[in-house]
Amino acid sequence: MRVVVGERLGGPDVLRVTEQEAPLPGPGQVVVDVAAAGVNYMDIYQREGVGNYRTEPPFVPGAEGAGTVAAVGEDVTTLAVGDRVAWAGPGSSYAEQVVLPANRVVSVPDEVSLQVAAAAILQGMTAHYLVTSTYPVREGDVAVVHAAAGGVGLLLTQMVKRRGGIVVATTSGGEKAELALGAGADHVVGYDRFRAIVDEATEGVGAHVVYDGVGKDTFDDSLAALRPRGMMVLYGASSGQAPPFDPQRLNSGGSLFLTRPTLVHYIADTTELRWRASEVFDLIAKGELEVRIGGTYPLADAARAQGDLASRRTTGKLLLLPGL
Ligand SMILES: NC(=O)c1ccc[n+]([C@@H]2O[C@H](COP(=O)([O-])OP(=O)(O)OC[C@H]3O[C@@H](n4cnc5c(N)ncnc54)[C@H](OP(=O)(O)O)[C@@H]3O)[C@@H](O)[C@H]2O)c1
């Protein structure tokens, strides 16, 4: 089978397609034919060897996908050959086949295509935990959503709106602004203007919550946009890591809260994983959550897909399709 291998740490050119033996499932495992693998920032961090994502090469990137069960370990009773499944977290998904722990895959309902499932599983569960658990959005809350036309951003905007929140969305403009409006954002502005819009919308009091996946470039203004006891949810770093930080800033800002959450801690428990995945897939199946696939690539173009994501040109979700 073909897999993408990171031969060493570095730029996109370290990724190569190679042939490997088809895997066999061990105890508690399944082998899945990959229909689509999601491309994520964490794959870029892994390739570059950044922080917690550093993996000793050679490695097969990819932490997300959807496909069909091809073989099950002899003790696996919950899944059968032919089942449609998706996963977020276990690695090595840039491949024609992947071996996964049976208790970390989730079923995909018939109404949801495997491409949409791969596009929604990681970022959809991320948006889900951000609005239900990290800061549970209530009716009338004012929420800033940065990079609202991105993979997480489009889903997060829709989920805040479903809970009755008011979304002040940022994008770099053009088609991205249109997409954020289409997702339901109440105000769509550039990064230089969101504080002014929050002030206007809240009579100077500030936002209840800022969902910030951009990091370095937005961190300061995001904190400044919060109302007393507001919550800063720093969930990503598409512009680079937020700088070192003096906790007194939370005091002077009005007893603010700051959290730096990660999906893995919100799906560590299998029951929680299944709850979040089934809520996301149910919304999609009912037509209440729209998933935008912004680009599809063959395995051989994994480097280009990662480059496009980092280049800021993309919208929605990028997928690798081993069948292309
Ligand atoms: N904590 C978690 O559980 C979790 C889960 C999933 C993803 N994440 C993180 O969330 C972030 C967004 O992920 P995503 O996959 O949804 O990406 P994305 O939003 O689709 O792409 C990143 C977007 O960030 C914006 N951006 C602003 N400044 C940028 C800069 N200097 N360089 C590049 N982009 C910039 C761009 O949108 P504009 O052009 O509109 O500004 C760009 O399209 C990433 O840091 C990712 O690691 C975290």
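Residues numbered from 1 in each chain as written. Predicted model: local features only at pLDDT ≥ 70, side-chain atom pairs only at ≥ 80, totals over all residues. Heavy atoms only, no water.

### Side note on the domain arrangement of the chain
Each domain of the chain was delimited in the assignment, giving domain 1 (2–122 + 267–320) and domain 2 (138–260). Taken over C-alpha atoms, the centre of domain 1 sits 28 Å from the centre of domain 2. Facing the 14 residues of domain 1 at the interface are 15 residues of domain 2. For the pairing of domain 1 and domain 2, the buried interface totals around 1200 Å² over both sides, and the portion due to carbon and sulfur atoms is 56%. Where domain 1 touches domain 2, the interface holds two salt bridges. Of the charged contacts in the structure, one is a salt bridge between Glu288 and Arg162, with a shortest N-O distance of 2.9 Å. Applying the counting rule to domain 1 against domain 2 returns eight residue pairs in polar contact (both at pLDDT 80 or more). Within the residue set of the side of domain 1 that touches domain 2, elements represented by two or more residues are helix 1 (41–48) and helix 8 (270–285). In the side of domain 1 that touches domain 2, the residues fall into six nonpolar, three polar and five charged. (Domains from an automatic or database assignment. Contact = heavy atoms within 4.5 Å. Buried area = accessible area lost by both parts, 1.4 Å probe. Salt bridge = Lys/Arg side-chain N within 4 Å of Asp/Glu carboxyl O. Polar contact = N/O pair within 3.5 Å; in protein donor to acceptor, adjacent residues only side chain to side chain. Helix = DSSP H or I, 4+ residues; strand = E, 2+ residues; numbered from the N terminus. Nonpolar A, V, L, I, M, F, W, Y, C, P; charged D, E, K, R; others polar.)

### Overview of the packing of helix 2 (residues 114–134) against helix 8
Contact pair helix 2 / helix 8: the axes reach a minimum separation of 9 Å and the direction vectors enclose 110°. The angle between helix 2 and helix 8 falls in the class roughly perpendicular. Judged by the sense of rotation from one axis to the other, the crossing of helix 2 with helix 8 is right-handed. Across the interface between the two elements, Val116, Ala117, Ala120, Ile121, Gly124, Met125, His128, Tyr129, Thr132 and Ser133 of helix 2 pack against Leu273, Trp275, Arg276, Ala277, Glu279, Val280, Phe281 and Ile284 of helix 8. Taken together, the residues that form the contact of helix 2 with helix 8 break down as twelve nonpolar, four polar and two charged. (Axes fitted to C-alpha atoms, helices over the stretch in contact; angles between N-to-C directions. Parallel < 35°, antiparallel > 145°, perpendicular 65-115°, else oblique. Left-handed = near helix turned anticlockwise from the far one by under 90°.)

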